[in-house]
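# Remarks on the overall topology
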Amino acid sequence: MAEVRVTRIAGADTQEPEPIEETDEVDDEPADEPEPAVAGQSVAIEAGTPAEAAVQAVERILSTVGADVDVSLRSAHDEFTGGPVIDINGPDSGLLIGRRGNTLQSLQFIVQSIVRQHFEEENIRVALDVEQYRQRREDSLREMADRVASRVAQTGRSITLEPMPPSDRRVIHLYLDTREGIRTESVGFGEGRKIQIIADQG
């Protein structure tokens, strides 16, 4: 059994998304890319749904650590993420991101685990976004994917990106799924899993 300890850290600042490194060097199968939910919008929370369970879990955790933030539901079920999308904003929101979004990823994992306990038959994914950090991160990933895909298509040489979490890999797989002349694969294991963008000779 593992325990998770959440500690409030004073004086942390909101962090901008860090750039993705590219290196010339290959679970996540691409699918049709849906339109993601738009940051800033808020929808009503229906009782008895995964979205309600997710919002309640976030509010309970952040209330326990004394974080001064507001929690709102952006989407009850976003096809792009595979579940509810929750926005977190407020004076203490910068504490919830961490280096390379690690704190946010950990919080999201805890909330997702709680929700899945209540809805065992569903493979629910919960997405948390703090001060639109995740949206900026996804925009950065798509811009990087565009540059790399263009280079691969021009040179015919595959390029392997740095290791990244499943949520980041999913963004790239979905974004490049319909791109002609290239294809994507995930290779590696655990935290070292990464994406390879490959020239499609077919």
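Residues numbered from 1 in each chain as written. Predicted model: local features only at pLDDT ≥ 70, side-chain atom pairs only at ≥ 80, totals over all residues. Heavy atoms only, no water.

## Focus on the nonpolar core
- Core analysis: the largest hydrophobic core is formed by 26 residues, its most contacted members being Leu62, Ile86, Ile88, Val111, Val115, Val126 and Leu128.
- Those elements giving two or more residues to this core turn out to be helix 1 (50-64), strand 3 (83-89), helix 2 (102-118) and strand 4 (127-130).
- No other element matches helix 1, which puts eight residues into this core.
- Within the second largest apolar cluster, 18 residues are counted, among which are Phe80, Ile172, Ile182 and Ile195. (Core = buried A, V, L, I, M, F, W, Y, C linked by side-chain atoms within 4.5 Å. Buried < 20%, exposed > 50% of the residue type's maximum accessible area, 1.4 Å probe, protein only. Helix = DSSP H or I, 4+ residues; strand = E, 2+ residues; numbered from the N terminus.)

## Thoughts on the pairing of strand 4
- Neither face of strand 4 is open: one carries Ala127 and Asp129, the other Leu128 and Val130, and all of them are buried.
- Pairing of strand 3 with strand 4, which is carried by four bridges, proceeds in the parallel orientation. Paired with isoleucine 88 across the two strands is valine 130, which belongs to strand 4. (Pairing = 2+ DSSP bridges.)

## A word on the packing of helix 3 (residues 133-155) against helix 4 (residues 166-176)
- Look at helix 3 against helix 4: their axes get within 10 Å of each other, and the N-to-C directions meet at 50°. As summarised for this structure, helix 3 and helix 4 are arranged oblique, according to the angle between their axes. Crossing hand, helix 3 versus helix 4: right-handed. Counted together, Arg134, Arg137, Glu138, Leu141, Arg142, Met144, Ala145, Asp146 and Ala149 of helix 3 and Ser167, Asp168, Val171, Ile172, Tyr175 and Leu176 of helix 4 form the full contact between these two elements.
- Across the contact of helix 3 with helix 4, the residue classes break down as eight nonpolar, one polar and six charged. (Axes fitted to C-alpha atoms, helices over the stretch in contact; angles between N-to-C directions. Parallel < 35°, antiparallel > 145°, perpendicular 65-115°, else oblique. Left-handed = near helix turned anticlockwise from the far one by under 90°. Contact = heavy atoms within 4.5 Å. Nonpolar A, V, L, I, M, F, W, Y, C, P; charged D, E, K, R; others polar.)

## Things to note about helix 1
- Under the 1.5 Å per step criterion, the end-to-end length of helix 1 is 21 Å for 15 residues, consistent within 8% with the ideal 21 Å.
- Those residues of helix 1 lying buried are Pro50, Ala51, Ala53, Ala54, Val55, Ala57, Val58, Ile61 and Leu62.
- Buried residues belonging to helix 1 abut strand 2 (70-78), strand 3, helix 2 and strand 4.
- Where helix 1 ends, the next residue or the one after it, glycine 66, has phi of about 75°, a positive value. (Expected span 1.5 Å × (residues − 1).)

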